[in-house]
Amino acid sequence: MYNPEELAVYIHWPYCKSKCPYCDFYKQLAHNVEQGKIVAEYLETLRKYHELLPNRKIKSVFFGGGTPSLLEPRYVAQIIDEISGLWPMLDNAEISLEANPNSRFQTMFADLKNAGVNRLSLGVQALNEADLRFLGRTHNLQTARLCLQEVVQTFANHSADLIYARPRQNLAEWETELKEIIAYGLRHLSLYQLTIEENTVFARKGVQALDDDKAVEMYDFTRDFLNSRGYPQYEVSNFAPDGFASVHNLTYWQGGDYIGIGQSAHGRLHLGDKMLATVYPFVDEELTPQERAEELLLMGMRLTQGINKSDFKQICGLDLSDIINKEKAKQLQELQLVEETAEVLRVTYKGFPLLNKIIEELCV
Ligand SMILES: C[S@@+](CC[C@H](N)C(=O)[O-])C[C@H]1O[C@@H](n2cnc3c(N)ncnc32)[C@H](O)[C@@H]1O
Ligand code: SF4
């Protein structure tokens, strides 16, 4: 539900110990990074945003990467303290941090909890040695398992990332990994199909993604398996029991306001009757209602609950029916790929593997 008073804060820590061969996220190697200096810049930027948006309430803070678990916990604490000193935090504000097992030190998770993090998202990626090596991960299976145990013991809210549809991976092997990951009792899972991105080591080496039929088979298996084990799909790649969807990521998908702090971080804001796009360090440009409406369509259709029409109108000022191709929407409904009611427009279970194509068709 859209609430114009609420604000989500993304803190980007774009430094990694090494570069994984599949990853095209903006990142730099973490050698000789002056953490104190960078954090001082972040705090300064937060204060500038507070001058622009003094009356907001914080619903979530997300430390994403790169590898934010390389940021010393005392700096994580300093950033959280600054945010909660500037704005009131909602009672149930979600404060997440993405951790990579390769940055583990003995008291890391306890220190992060003491710093104010209340949701830990662990980048496991694979639960067998051969595939961890293939993915260029610098942690081994034993460390992944140790971190998973520590995360569920330390935090009340948690998530893990795995990459599947790896070359040569078969369904039985994937099922073994899924059974293991759910046994930890995590509150949330992000499961991404391996994408071979341009300008990555995998692309240069000619690593091939699984063919489409096999990838769809794995996708359907994953959705059915997790649904039957209490982790229904709520977004293309995200699964969680009711009430444990990521508050922060829902803000992106549902069009709420957020600011991004850190190189390459971006944001979306309402200011008076204007809609603004921000690119670190500050406000970048004004968006037209049409531009924001198209973004809302792209993001909202990723959710199984679809797009709420009245929220859509409140956020961008346009009717959803005015920006979709009505003829195509009708055809997609006849094919049972899309469902529309007076309140929502959503993609069906059958439609999800074709999501990109469906969105293309719906855009006028
Ligand atoms: C920005 S990364 C940060 C996570 C953290 N640095 C780590 O590696 O554990 C977020 C997630 O995107 C996923 N990811 C990145 N590149 C991907 C790709 N090419 N294909 C599929 N998933 C990918 C991984 O699961 C990763 O955990
Ligand atoms: S997957 Fe994570 S650790 Fe690996 S390069 Fe990307 S951001 Fe860094």
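Structure's up top.
Predicted, not measured: the structure shown is a model, and the values here were computed from it.

Quick look at the site of ligand 1
In step 1: Not every one of the 17 residues close to ligand 1 is listed here, only the nearest: G66, Q125, R137, D161 and T195.
In step 2: Contact between ligand 1 and Y22: a nitrogen atom at 3.0 Å from a main-chain N or O atom of the residue.
In step 3: D161 is positioned with one of its side-chain polar atoms (N or O) 2.6 Å from an oxygen atom of ligand 1.
In step 4: Starting from 560 Å² of accessible surface for ligand 1 in isolation, the protein chains cover 91%.
In step 5: Among the secondary structure elements, those contributing two or more residues to the shell around ligand 1 are strand 6 (119-125), strand 7 (157-164) and strand 8 (189-193).
In step 6: Looking at the shell around ligand 1, its residues break down into five nonpolar, eight polar and four charged.

A short note on the pairing of strand 14 (residues 282-287)
Side chains on a regular strand alternate between the two faces of the sheet.
In step 1: The sheet contact formed by strand 13 (residues 274-279) and strand 14 spans five bridges and is antiparallel. Looking across to strand 14, one finds that T278 is bridged to V283.
In step 2: Hairpin connection of strand 13 to strand 14: two residues between the antiparallel strands.

Side note on the packing of helix 2 (residues 73-86) against helix 3 (residues 108-115)
In step 1: In contact at an axis separation of 8 Å, helix 2 and helix 3 are set at 20° when each is read in the N-to-C sense. Compared by their axis directions, helix 2 and helix 3 come out roughly parallel. Our pair here, helix 2 against helix 3, has a crossing hand that is right-handed. Touching P73, V76, A77 and I80 of helix 2 are D111, L112 and A115, all from helix 3.

Concerning helix 14 (residues 355-362)
In step 1: Taken residue by residue, helix 14 has L355, I358, I359 and L362 as its buried positions. Along the axis of helix 14, the buried positions cluster into a sector of 100°, meaning they face one direction only. Exposed and oriented more than 90 degrees from the buried face of helix 14 are N356 and E360.
In step 2: Packed against the buried residues of helix 14 are helix 10 (289-300), helix 12 (320-323), helix 13 (326-334), strand 16 (338-340) and strand 17 (344-347).

Considerations on the pattern of salt bridges
In step 1: Considering all chains together, one arrives at 22 salt bridges under this definition.
In step 2: In this structure, E5 engages K57 in a salt bridge whose closest nitrogen and oxygen atoms are separated by 2.9 Å. With E5 in the segment before strand 1 (6-13) and K57 in strand 4 (residues 57-65), this residue pair connects regions lying 52 residues apart in the sequence.
In step 3: On the accessibility criterion, E5 (40% relative accessible area) is partly exposed.
In step 4: Residue K57 is classed as partly exposed on the basis of its relative accessible area of 31%.
In step 5: Note that E175 and K179 form a salt bridge whose closest N and O atoms lie 3.3 Å from each other. Placement of both E175 and K179 in helix 6 (residues 171-183) is noted, with a separation of four residues, approximately one turn of the helix.
In step 6: Using a relative accessible area of 25% as the deciding quantity, one classes E175 as partly exposed.

Here we look at the site of ligand 2
In step 1: Close to ligand 2 lie C16, S18, K19, C20, Y22, C23, K27, G66, T67, N100 and R137, which account for all nearby residues.
In step 2: Split by residue class, the shell around ligand 2 holds four nonpolar, four polar and three charged.

Some details on the nonpolar core
In step 1: In this structure, L46, F63, I79, L120, I181 and I259 are the most contacted members of the largest nonpolar core, which totals 105 residues.
In step 2: In terms of residue count, the dominant contributor to this core is helix 2 (seven residues).
In step 3: Here this core spans two domains, since at least three of its residues come from each of domain 1 (6-249) and domain 2 (297-364).
In step 4: Each residue touching I259, except ones within four places of it in the same chain, is listed here: L7, A8, V9, Y10, L46, Y49, L53, W87, H266, G267 and L269.
In step 5: Among the nonpolar cores identified, the runner-up in size contains six residues, and Y10, F62, Y258 and A265 belong to it.

Digging into the side chain of T67
In step 1: Position of T67 relative to the elements: it lies in the loop between strand 4 and helix 2.
In step 2: Residue classification places T67 among the buried residues on the basis of a relative accessible area of 4%.
In step 3: For T67, the contacting residues outside a window of four places in its chain are W13, Y15, C16, N100 and S103.

Quick look at the sheet that holds strand 15 (residues 307-308)
In step 1: Reading across from one edge, 15-17-16 is the order of the three strands in this open sheet, with antiparallel pairing throughout. Edge positions in the sheet fall to strand 15 and strand 16, since each of these pairs with one other strand and no more.
In step 2: For strand 16 and strand 17, the ladder comprises three bridges, and the chain directions are antiparallel. When the bridges of strand 17 are listed, E339 appears paired with R346.

Let's talk about the environment of R168
In step 1: Note on placement: R168 falls in the loop between strand 7 and helix 6.
In step 2: The class for R168 is exposed, based on a relative accessible area of 71%.
In step 3: In this structure, the C-alpha to C-alpha distance between R168 and K357, residues 189 residues apart in sequence, is 26 Å.
In step 4: If near-sequence neighbours (up to four positions away) are discounted, R168 is found in contact with E173 and L210.

The rules behind the values
Numbers given to residues run from 1 along each chain, matching the order in which its sequence is written. Lettering of chains starts at A and numbering of ligands starts at 1, both following the order in which they are written. The predicted nature of this model means local features are confined to residues of pLDDT at least 70 and side-chain atom pairs, given and counted, to a pLDDT of 80 or more, with totals for whole chains, interfaces and linings taken over all residues. For the side-chain quantities, the full set of heavy atoms in the structure was used; hydrogens and water were omitted. When at least one non-hydrogen atom of a residue lies within 4 Å of a molecule or strand, that residue is treated as near it. A 3.5 Å cut-off defines polar contacts: any pair of N or O atoms within that distance qualifies, except that in protein one atom must be a possible hydrogen donor and the other a possible acceptor, and neighbouring residues in sequence count only when both atoms are side-chain atoms. Here the Shrake-Rupley method, with its probe set to 1.4 Å, supplies the accessible areas, and only the displayed protein chains count as covering residues. Secondary structure elements follow DSSP: runs of H or I of four or more residues count as helices, runs of E of two or more count as strands, with numbering from the N terminus. By the convention adopted, Pro, Cys, Tyr, Trp, Phe, Met, Ile, Leu, Val and Ala count as nonpolar, Lys, Arg, Asp and Glu as charged, and the other residues, Gly among them, as polar. Two strands make a pair as long as DSSP finds a minimum of two bridges between them. As a rule, the C-alpha atoms of each element are fitted with a line to give its axis, helices using only the stretch in contact, and angles between N-to-C directions run from 0 to 180 degrees. In these notes the angle categories are as follows: under 35 degrees is roughly parallel, over 145 is roughly antiparallel, 65 to 115 is roughly perpendicular, and the rest is oblique. Here is the rule for handedness: rotate from the far helix to the near one, and if that takes an anticlockwise turn smaller than a right angle the crossing is left-handed, while a clockwise turn gives right-handed. The contact rule is simple, with two residues in contact once any of their heavy atoms fall within 4.5 Å. A simple rule labels every residue: compare its accessible area, found with a 1.4 Å probe on the protein chains alone, to the largest value its type can have, and call it buried under 20%, exposed over 50%, or partly exposed in between. Each direction from the helix axis to a C-beta atom contributes to the arc, which is the arc of those directions. Whenever Lys or Arg places a side-chain nitrogen within 4 Å of a carboxyl oxygen from Asp or Glu, that contact is recorded as a salt bridge. Side-chain atoms within 4.5 Å are what join buried Ala, Val, Leu, Ile, Met, Phe, Trp, Tyr and Cys residues into a set we call a nonpolar core. Segment limits for the domains were obtained from an automatic or database-derived domain assignment.

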